[in-house]
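Fold and contact review
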Amino acid sequence: MIPDHLFEEGINYSLLRKDMKHLQLNRIVYEKSQRDYEREQRNLLSSQDGDTCEMHDQFYRDHKLLLVLFRALAVMPITRSRPGTITFSWKSRATAYAIFFYIVTTVIVLIVGYERIMILRSTKKFDDYIYAILFVAFLVPHFWIPFVGWGVAHQVAIYKTNWGKFQVRYYRITGENLQFPNLRTTIVIISVGCLLLAVGFLLSLCALLDGFILRHTTAYYHIITMINMNCALWYINCKGIKIASQSLSKCFHRDVEVECTASLISSYRYLWLNLSELLQSLGNAYARTYSTYCLFMFFNITIAVYGALSEIVDHGFRFSFKEMGLFVDAAYCSTLLFIFADCSHKATLQVAAGVQDTLLSIDVLSVDRPTQKEIDHFIQAIEMNPAVVSLKGYAHVNRELLTSAISMIAIYLIVLLQFKISLPKDPSNI
């Protein structure tokens, strides 16, 4: 995040003073317009002031429900401890609740996990062994919650706080508050949908897959809900950045039509850099969470698709409940992975597109030399700061992630199917 004092220097730099001096020299009396007066009043605001951030932080108010649900699931115990600031503390009540909830659910997961492992150990057939691994794999996300949830809570709190600072700066430059139309309604629908999807998914697996009894589903509800909510949270964060990018582009185009000055271009350049850093910090803050998330999805898709194909190889295209259950699992994980990658791709496309179009549409021959230099600096800043969501360098989250995942899964499926074909035929299946 650009420090406040550097942001101040960027939007109140010497070119602005030169512009004012030039106006004063060419006018006998300088009458301050209403636009200039409002701008001066906005420049008195500070993004370091908690009350100011609280007033302008519409994004937090809209997606607060998601954060509450994450606290309820003991995944991300961050709180709004003071106005405009989101914090994480090991001594907070939210963390104490998270530890208690985690201990209780761990007991349930261990009991069910022990039974699933016993079933796994008693399995002799290769296909059934692979099939049994699937149920154990869905329990694994529970045990990495302290690592991918609590372990990154401090970075996530900083990222969420920076959203409030950005919205104050957005208001100072554009003169209007950043709005997220229908975002709150979307979050309510998504949150309810995540809960219903978890119940429906587990009940469908219980009905379709042999050996997955209803009692065992009690250990999976919070895990599947957490997986759904992680996908929803990433989608909402990307949607927020996409909306902010579109709003910034519209305001920039509007202001350039009114006055195309060096100070205006410089102010929007710093604001755009702030938004670009916000996009990059999204991937850095959640790097652990979504790196393990992707690995989990890759593994489950591979096992589920292999199990379904193995059934088809053995019994032909006579679709059984088992095959349908495996296809449901594969479709579920594939859909979540697609949403994760696709929303990131769409957000990155919007960050620079509108601003760059406006810059390239400016007639540089009709503006003064300082403004031409600022336009060049802005274009260079866009080129040197590409809009990319990176999980701390381990992977870029875009549609290319999907193609690489498909190729990797295909390779493992070929290896598993070759291994299956090389095994002796079971007389019972002939």
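Reading the values: the criteria
- Residues numbered from 1 in each chain as written.
- Predicted model: local features only at pLDDT ≥ 70, side-chain atom pairs only at ≥ 80, totals over all residues.
- Heavy atoms only, no water.
- Helix = DSSP H or I, 4+ residues; strand = E, 2+ residues; numbered from the N terminus.
- Buried < 20%, exposed > 50% of the residue type's maximum accessible area, 1.4 Å probe, protein only.
- Contact = heavy atoms within 4.5 Å.
- UniProt positions renumbered as here; feature names shortened; annotations may be inferred.
- Expected span 1.5 Å × (residues − 1).
- Axes fitted to C-alpha atoms, helices over the stretch in contact; angles between N-to-C directions.
- Parallel < 35°, antiparallel > 145°, perpendicular 65-115°, else oblique.
- Left-handed = near helix turned anticlockwise from the far one by under 90°.
- Salt bridge = Lys/Arg side-chain N within 4 Å of Asp/Glu carboxyl O.
- pLDDT = per-residue confidence, 0-100.
- Phe/Tyr/Trp six-rings, centres within 6.5 Å; stacked < 30°, edge-to-face > 60°.
- Lys NZ or Arg CZ within 6 Å of the ring centre and 35° of its normal.
- Patch = residues over 30% accessible without salt bridge, like charges linked within 9 Å, V, L, I, M, F, W, Y side chains within 5 Å.
- Areas by Shrake-Rupley, 256 points an atom, 1.4 Å probe, with all protein chains shown as cover.
- Core = buried A, V, L, I, M, F, W, Y, C linked by side-chain atoms within 4.5 Å.

1. Overview of the overall build of the protein
On a plain count of helices and strands, the protein comes out with 18 helices and two strands. In the protein, which comprises 430 residues, the share counted as buried stands at 49%. Considering only contacts within the protein whose residues lie at least 6 apart along the sequence, 82% involve residues at least 24 apart.

2. Observations concerning unusual backbone geometry
Not every positive phi belongs to a glycine, and A74 is a case in point at roughly 65°. Mapping A74 onto the fold places it in the loop between α6 (64-72) and β1 (79-82). One non-glycine residue, K392, lies in positive phi territory at about 55°. The residue K392 is located in the loop between α17 (369-384) and α18 (399-422) in this model.

3. Comments concerning the UniProt feature "transmembrane region" (unreviewed entry) in the protein
Feature annotation in UniProt places "transmembrane region" (unreviewed entry) on residues 94-117, 129-153, 187-212, 219-236, 290-309, 321-341 and 401-419, given in this structure's numbering. The annotated region residues 219-236 carries 89% helix and 0% strand content, and the separation between its end C-alpha atoms amounts to 27 Å. Taken end to end, residues 401-419 is 100% helix and 0% strand, and its two terminal C-alpha atoms sit 27 Å from one another.

4. Brief notes about helix α11 (residues 153-174)
Under the 1.5 Å per step criterion, the end-to-end length of α11 is 32 Å for 22 residues, consistent within 8% with the ideal 32 Å. Immediately beyond the C-terminal end of α11, within one or two residues, lies G175, with a positive phi of roughly 85°.

5. Considerations on the packing of helix α12 (residues 183-208) against helix α13 (residues 221-258)
Here α12 crosses α13 at 150°, and the two axes come no closer than 9 Å. Judged on the interaxial angle alone, α13 and α12 are roughly antiparallel. The chirality of how α12 crosses α13 is right-handed. In this structure, α12 uses L183, I187, I190, S191, C194, L195, L197, A198, V199, F201, L202 and L203 to contact α13, whose residues at the interface are Y221, I224, T225, N228, M229, A232, Y235, I236 and K239.

6. A short note on the pattern of salt bridges
A complete count under the given rule lists nine salt bridges for this structure. One salt bridge connects D62 with R184, and the closest N-O pair in it is separated by 3.2 Å. Taken together, the residues D62 in helix α5 (residues 58-62) and R184 in helix α12 connect sequence positions 122 residues apart. Here R254 makes a salt bridge to D255, at a shortest N to O gap of 3.0 Å. A residue is classified by how much of its surface remains accessible, and R254, at 33% relative accessible area, is partly exposed. What emerges from the salt-bridge pattern is a single network uniting E54, D57 and R80.

7. Quick word on the confidence of the model for the protein
On average, residues of the protein carry a pLDDT of 83, and 88% of them reach 70 or more. Considering only residues more than four positions removed or in separate chains, one finds that residues 14-18, a stretch of pLDDT under 50, has six contacts. Within the model, the stretch residues 20-31 combines pLDDT values under 50 with three contacts to residues more than four positions away or in other chains.

8. Digging into α12
Since the α-helix advances by 3.6 residues per turn, residues separated by three or four positions end up pointing in the same direction. The terminal C-alpha atoms of α12, which comprises 26 residues, lie 36 Å apart, in line with the 38 Å expected from a rise of 1.5 Å per residue. Three or more residues of α12 are buried, namely L183, I187, S191, C194, A198, F201, L202, L205 and L208. Along its buried surface, α12 packs onto α5, α6, α13 and α16 (321-361).

9. Points about the packing of aromatic side chains
What the rule picks out here adds up to 23 aromatic pairs. Ring centres 5.6 Å apart and planes at 55° place the aromatic pair F252 and F378 in the tilted group. You can see F252 sitting in helix α13 and its partner F378 sitting in helix α17, a full 126 residues away along the chain. Take F252 and F378: they sit in the same class, and that class is buried. Taken together, the ring pairs connect Y159, W234, Y286, Y290, Y293 and F340 into an aromatic cluster. Directly above the aromatic system of Y60 lies the positively charged group of R80, at a separation of 4.0 Å from the ring centroid. For the cation-ring pair, R116 lies above F135, with the distance from its terminal atom to the ring centre recorded as 4.3 Å.

10. A few points about the environment of L65
If you trace the backbone, L65 turns up in helix α6. Between the C-alpha atoms of L65 and V188, which are 123 residues apart in sequence, the distance is 7.4 Å.

11. Regarding a nonpolar patch on the surface
A grouping of L65, V188, V192 and L196 is seen on the molecular surface, where their side chains present a nonpolar patch of about 340 Å² in accessible area. Classification of V192 by relative accessible area gives partly exposed; the value is 44%.

12. Comments concerning the nonpolar core
Among the nonpolar cores identified, the biggest contains 120 residues, and W163, Y220, W234 and Y286 are the most heavily contacted of them. With 18 residues, α13 is the largest single contributor of residues to this core. Filtering out sequence-adjacent residues up to four positions away, W163 remains in contact with D57, F59, L178, F180, G240, I241, A244 and L278.

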